[in-house]
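# Residue-level structure breakdown
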Amino acid sequence: MALRVDVRVPACRPIPEVVDFVRQCDKAGLDGVGLLDSQLIVRDVYAVMAVLARETSRIKLTASVTNPVTRHPSVLASAMATVAELAPGRVEFVLGSGYSAVRTIGVPIATSTQMRDSVLTIRRLLRGEMVQFDGARSHLSFAPSFPVPVWVSATSPRMIRVAAEVADGVLLHTGMSPGILATARRYIEEGARLANRNPDDVRVAVCLRIAVATDAKTALEEGRSVFASWVLEKHRARWLKASGIPVPEYDELPAEARAVYPDLTHPEDPVAASKATSFLSDDLIRSVSDVLGMVGPADVLFQRLRDAEKWGVNHVYLMPAATYEFPHEVVNAFKRRGKTK
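Report follows, based on the coordinates. (Residues numbered from 1 in each chain as written. Predicted model: local features only at pLDDT ≥ 70, side-chain atom pairs only at ≥ 80, totals over all residues. Heavy atoms only, no water.)

## So, helix H8 (residues 216-232)
Test applied: Secondary structure elements follow DSSP: runs of H or I of four or more residues count as helices, runs of E of two or more count as strands, with numbering from the N terminus. Given a helix with a known number of residues, its expected span is that number minus one, times 1.5 Å. We define the bend at each residue as the angle formed by axes fitted to the 7 residues ending at it and the 7 residues starting at it. Here's how the labels work: a residue is buried when its accessible area is under 20% of the maximum for its type, exposed when over 50%, partly exposed in between, all with a 1.4 Å probe on protein chains only.
For H8, which comprises 17 residues, the first-to-last C-alpha distance of 23 Å matches the rise-based estimate of 24 Å (1.5 Å per residue) to within 8%. Along H8, the largest kink reaches about 55° and is centred on Arg224. The buried fraction of H8 amounts to twelve of the 17 residues, a majority that puts the element mostly inside the structure. If you check which residues of H8 are buried, you get Ala219, Leu220, Gly223, Arg224, Ser225, Val226, Phe227, Ala228, Ser229, Trp230, Val231 and Leu232.

Okay, structure coming up:
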């Protein structure tokens, strides 16, 4: 298929094992891998990317996502330029508001204004331009001579507009349906107009949250807490409501859900997280998964990818529910598919 398909590969194991698994992704025909930046959950993303840049030759490598809270924009620009030297044209960086990286150390996520300013600063530094910091005017002395794409991960309308205004691309965390995509594209057009950009120049990838297993019930339980987080967190639930899903209203996360470490999206104990969200019906979780991605066997995944192509999507980022293990089921599905073409 013409669709670019990347998969998240958390650096949940020692680096040599990450390298081996990414090579498996490459052989299976996946186009790229995304590596999480969350300092207390996985190995350092830039160290891992540097090794992968030397140990692979084709597959694209993306920091997905990094953030301007735990790393100053100047530190980010330096790290990006350093990794980019090792694999010119093959590395990309997605900037997000922080999520697990900041929640685990008790600091606030980045605001949309902070995100906008950070992207502008990083892009200027990567071009070798002078930048004004507090009390200092500086530049990156080893700015790359080639473009280094900087994307923004976005869920809210405001963040989508920011991405379209200042970034090379936007990674949509909104779910996927014709209606959702039409709404997101409208926000992209609005943001692009603020910078007098052609909206078509803004690259777009759609994140699909997935749980792949031969048994659909097993897949549902594997992805339950991830999909439940979209019901329980208001800034995410808006997309479910817009899709016609009757989302219960909660003033705050129920106590059992709040107790999941570090959060529902990256549960260290998936069984406990599943139990903590068992008060949400299977039918509701399944409906949410249909909007955000999919749960079930590999043939359902490939149907969703065909849907993406049909709806004008040309880049999909697969985010398996499990954070602390490699997505073997996804890679095996692509291996099998390659053999049967």
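## Comments concerning the pattern of salt bridges
Using the following cut-off: Any carboxyl oxygen of Asp or Glu within 4 Å of a side-chain nitrogen of Lys or Arg constitutes a salt bridge here.
The tally for this structure, following the rule as stated, stands at 22 salt bridges. Two residues, Arg203 and Glu92, come together in a salt bridge whose shortest N-O distance is 2.6 Å. Of this pair, Arg203 sits in strand E9 (residues 203-212) while Glu92 sits in strand E4 (residues 91-95); the two residues are 111 residues apart in sequence, bridging distant segments of the chain. Judged by relative accessible area, Arg203 falls into the partly exposed class, the value being 34%. In the salt-bridge network here, residues are joined through shared partners; they are Arg4, Asp6, Glu92 and Arg203.

## Structural notes on the nonpolar core
Just so we agree on the cut-off: Here the nonpolar core consists of buried residues drawn from Ala, Val, Leu, Ile, Met, Phe, Trp, Tyr and Cys, with membership extended through side-chain atoms lying within 4.5 Å.
Grouped together as the largest cluster of nonpolar side chains are 107 residues, with contacts concentrated most on Leu305, Leu318 and Phe334. Formed by seven residues, the second largest nonpolar core is a distinct cluster that contains Trp151, Leu171, Ala205 and Cys207.

## A short note on unusual backbone geometry
Where the residue is not glycine, phi is negative for most of them; where a peptide bond is considered, it is trans in most cases. Residue Val65 follows Ser64 across a cis peptide bond; omega there is 0°. As for its position among the elements, Val65 is in strand E3 (residues 60-66). Backbone geometry places Tyr99, a non-glycine residue, at a positive phi of 45°. Assignment of secondary structure puts Tyr99 in the loop between E4 and helix H4 (100-103). For Tyr99, a relative accessible area of 15% gives the class buried. Its identity is not glycine, yet Asn196 carries a phi of approximately 55°, on the positive side. With respect to the secondary-structure elements, Asn196 resides in the loop between helix H7 (178-194) and E9. Judged by relative accessible area, which is 76%, Asn196 ranks as exposed.

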